[in-house]
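Coordinate inspection notes
For reference, the chains in residue letters:
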Amino acid sequence: MNTLKSFVQDQWVEGREPFATLVNPSTEEPLARTSTNGIDMGAAVDHARAHGASLREMTFAQRGELLKAWSKALHEKRDELLGLAMQNGGNTRGDAKFDVDGAIATLAHYAELGAQLGSLKALRDGEAVQLGRTARYAGLHLWVPRDGVAVHINAFNFPAWGTAEKAACALLAGMPVVSKPATSTALVAFRLAEIGAGVLPRGTFQFLCGSPGELLDRLGPQDVVAFTGSSQTAARLREQLGRRGARLNVEADSLNAAVLGPDVEPGSATWDLFVADVVRDMTQKAGQKCTAIRRIFVAGDRLPAVQEALVDRLSQVRVGDTARAETTMGPVSTADQLRDVRAGIDKLASESQRVFEGKISESKGYFVPPTLLLARDAAAAKVMHKDEVFGPVATLAAASDAAGLVRRGGGGLVCSVYSDDRDFLRKCVLDVAPYHGRIYIGSEKVAGQTLGPGTVLPQLLHGGPGHAGGGEELGSLRGLQLYSQRVALQGDRALLDAIAPEKS
Ligand code: NAP
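Residues numbered from 1 in each chain as written. Predicted model: local features only at pLDDT ≥ 70, side-chain atom pairs only at ≥ 80, totals over all residues. Heavy atoms only, no water.

Comments concerning the site of the ligand
- Among the 25 residues in the neighbourhood of the ligand, the closest are listed as N154, T183, S230, T233 and H462.
- In the environment of the ligand, a nitrogen atom lies 3.1 Å from a nitrogen or oxygen atom belonging to the backbone of A252.
- D253 places a side-chain nitrogen or oxygen 2.9 Å from an oxygen atom of the ligand.
- Compared with its free state, where it exposes 910 Å², the ligand has 80% of that area covered by protein. (Near = heavy atom within 4 Å. Polar contact = N/O pair within 3.5 Å; in protein donor to acceptor, adjacent residues only side chain to side chain. Areas by Shrake-Rupley, 256 points an atom, 1.4 Å probe, with all protein chains shown as cover.)

The structure is reproduced here in structure tokens:
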């Protein structure tokens, strides 16, 4: 069986026993094995730190060139990467494109930002201000790259995009990266790293294909950890890294809600957009998207029509091995996921009724049918607002106070609101805004243009408060702030301008 290696100190190295086995979740066939046992994590951190200065010395344009080269190299290997995502992630070809093309596009977006910033090496935050009697004595704020290593820990569901979106921001900001994918679906991330290692300069990118071991115990106050995964792991990392003073960004669970406004008529463009978005989010990547809609609130009196439309669309989903062209939804990614999703559906069903459950004809693999539940009483319900069931599952409910129900999720990545009534939208959007990182407004005016609330765009923030972890990634140049220290400079204006030019 193929043994995946880690890229540490600019060498590809193999870990020792025991190995974790990566499988094809459609067939349960073993694909590769990996381990990081025996890899010197301290040496990896030291190596990154030793090469940080060379990255910080580069201009934004030069760092952007690195991202451009990586993006181009990935594009050349796109078909191979799609194939790996289909094998190891249980992705349909469409799911695989979502992950791999997302990686390529996000690197390209940050490459372009680098080109725009040109010869600058650090970013100003706002305008300079006069501090003295004359304009000579002034102050300004500057974002400078942190003098440490950026450790990236990713979840199993986006091995390509997760690796690329984090690396793009860190490298453009000027921090060297140690990237660790989730072990179970690491095949795509491994290939992405192999391609990246071919174009990135020494020390700027290392890759751990498995457990991080004692890596995090080697970190200190100039280092950054960007984590995507479950709330439980996040809680452990907060404690571990809090003691060491390293900065931690958490992207965790989210009970994303979709709200249908009372004005939306069946058959209208807004209605069709809502139905398409909900079904896409439930089934794309078998519902294993952190941004997927988990709760559906119908604010008017159209609950029966919504249920009928969703059941009609869900019954057309063909679940099966993603190697077959007719399959429109694959399995969940691992045996653990299968167990957790089944248990989660049973828990949701304790306070709701199953109104749709799709069919599965496979005898092997980690398949879960698309499942729609109807809450008995969404205001009294607890599980639907608290437990993220990370599979092709959502709960539908009538909502007299939709914003109140949305807020019960305790903070989410994205909330989608579908309406063409400006008064309803203004109130609903502002009521839920403090609880979210992003709000998607679906209306007839944008119906033909949007990719839905589940697509994370590099231009906009990704993250959310509370339950969602409290982190922020992406948002174009905002994504660099995690890897930067904001410092106020005060002194002679001409000197400040020489040290920290405003323009390239
Ligand atoms: P997980 O079990 O928390 O694992 C996430 C990552 O953390 C994996 O790379 C895992 O490595 C690593 N890890 C586990 N224990 C660790 C420890 N003690 N120290 C350092 N790293 C550790 O989560 P998951 O099951 O992969 O992912 C599913 C969850 O991620 C879902 O809840 C989903 O909502 C969330 N998610 C959030 C976002 C977002 O952007 N907000 C995006 C995608 C997914 P191993 O694989 O090697 O164990």
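With respect to empty space enclosed by the protein
- Summed over all chains, the structure comprises four cavities of 30 Å³ or more.
- Estimated volume of the largest cavity: approximately 70 Å³.
- With three residues, the top contributor of residues to the lining of the largest cavity is helix α3 (residues 78-89).
- Looking at side-chain class alone, the lining of the largest cavity contains four nonpolar, seven polar and two charged residues. (1 Å grid on protein atoms, 1.4 Å probe; cavity = no way out; pocket = protein on both sides within 12 Å on 5 of 7 lines; lining within 4 Å. Points joined across faces, edges and corners; volume = space filled by probe spheres on them. Helix = DSSP H or I, 4+ residues; strand = E, 2+ residues; numbered from the N terminus. Nonpolar A, V, L, I, M, F, W, Y, C, P; charged D, E, K, R; others polar.)

Side note on the packing of aromatic side chains
- Scanning the model with the defined rule gives nine aromatic pairs in all.
- Taken together, a centroid distance of 4.7 Å and an interplanar angle of 40° make the contact between F7 and W12 tilted.
- For F7, a relative accessible area of 7% puts it in the buried group.
- The partly exposed category is assigned to W12, whose relative accessible area is 30%.
- Between the aromatic rings of W12 and F190, the centroid separation amounts to 5.5 Å while the plane-to-plane angle is 70°, which identifies the pairing as edge-to-face. Placement of the pair is W12 in strand β3 (residues 11-13) and F190 in helix α6 (residues 186-197), with a sequence separation of 178 residues.
- Take F190: its relative accessible area is 11%, and that puts it in the buried class.
- Positioned above the aromatic ring of F19 is the side chain of R33, whose terminal nitrogen or guanidinium carbon lies 3.7 Å from the ring centre.
- If you follow K285 out to its NZ or CZ, it ends over the ring of F158, 4.7 Å from the centre. (Phe/Tyr/Trp six-rings, centres within 6.5 Å; stacked < 30°, edge-to-face > 60°. Buried < 20%, exposed > 50% of the residue type's maximum accessible area, 1.4 Å probe, protein only. Lys NZ or Arg CZ within 6 Å of the ring centre and 35° of its normal.)

Examining helix α7 (residues 231-244)
- Relative to the 20 Å expected for 14 residues at 1.5 Å per residue, α7 spans 20 Å between its end C-alpha atoms, a close match to the ideal helical length.
- Among the residues making up α7, those that are buried are A234, L237, Q240 and L241. Each buried residue of α7 sits inside an arc of 135° when the element is viewed along its axis, so together they form one side. When the buried face of α7 is taken as reference, the exposed residues oriented beyond 90 degrees from it are Q232, R236, E239, G242 and R243.
- Considering only its buried residues, α7 is in contact with β9 (150-153), β12 (224-228) and β13 (247-251).
- Of the residues trailing α7, G245 is marked for its positive phi of about 80°. (Expected span 1.5 Å × (residues − 1). Arc of directions from axis to C-beta. Contact = heavy atoms within 4.5 Å.)

A closer look at the pairing of strand β19 (residues 412-418)
- When you tally the buried positions in β19, you get seven out of seven residues, the bulk of the element.
- The sheet contact formed by strand β14 (residues 257-260) and β19 spans four bridges and is parallel. Bridging across to β19, A258 finds its partner in S416.
- The pairing of β19 with strand β20 (residues 436-442) spans six bridges and is parallel. Across the sheet, residue G412 finds its bridge partner in β20, namely H436.
- Of the crossover connections in this fold, the one passing from β19 over helix α13 (residues 422-432) to the parallel β20 is right-handed. (Pairing = 2+ DSSP bridges. Right-handed = clockwise from strand over helix to strand, strands pointing away.)

Considering the packing of helix α5 (residues 159-173) against α6
- For the pair α5 and α6, interaxial distance at closest approach is 8 Å and the crossing angle is 40°. Compared by their axis directions, α5 and α6 come out oblique. Only V188, A189 and L192 of α6 make contact with α5, whose side of the interface consists of P159, A160, T163 and A164.
- Grouping the constituent residues of the contact of α5 with α6 by class yields six nonpolar, one polar and no charged. (Axes fitted to C-alpha atoms, helices over the stretch in contact; angles between N-to-C directions. Parallel < 35°, antiparallel > 145°, perpendicular 65-115°, else oblique.)

Observations regarding the environment of I439
- Checked against the element boundaries, I439 lands in strand β20.
- On the basis of relative accessible area, I439 is assigned to the partly exposed category, the value being 26%.
- Here the alpha-carbon distance between I439 and A69, two residues 370 residues apart in the chain, equals 33 Å.
- In contact with I439, other than residues within four places in its own chain, are C415, V417, V429, V432 and A433.

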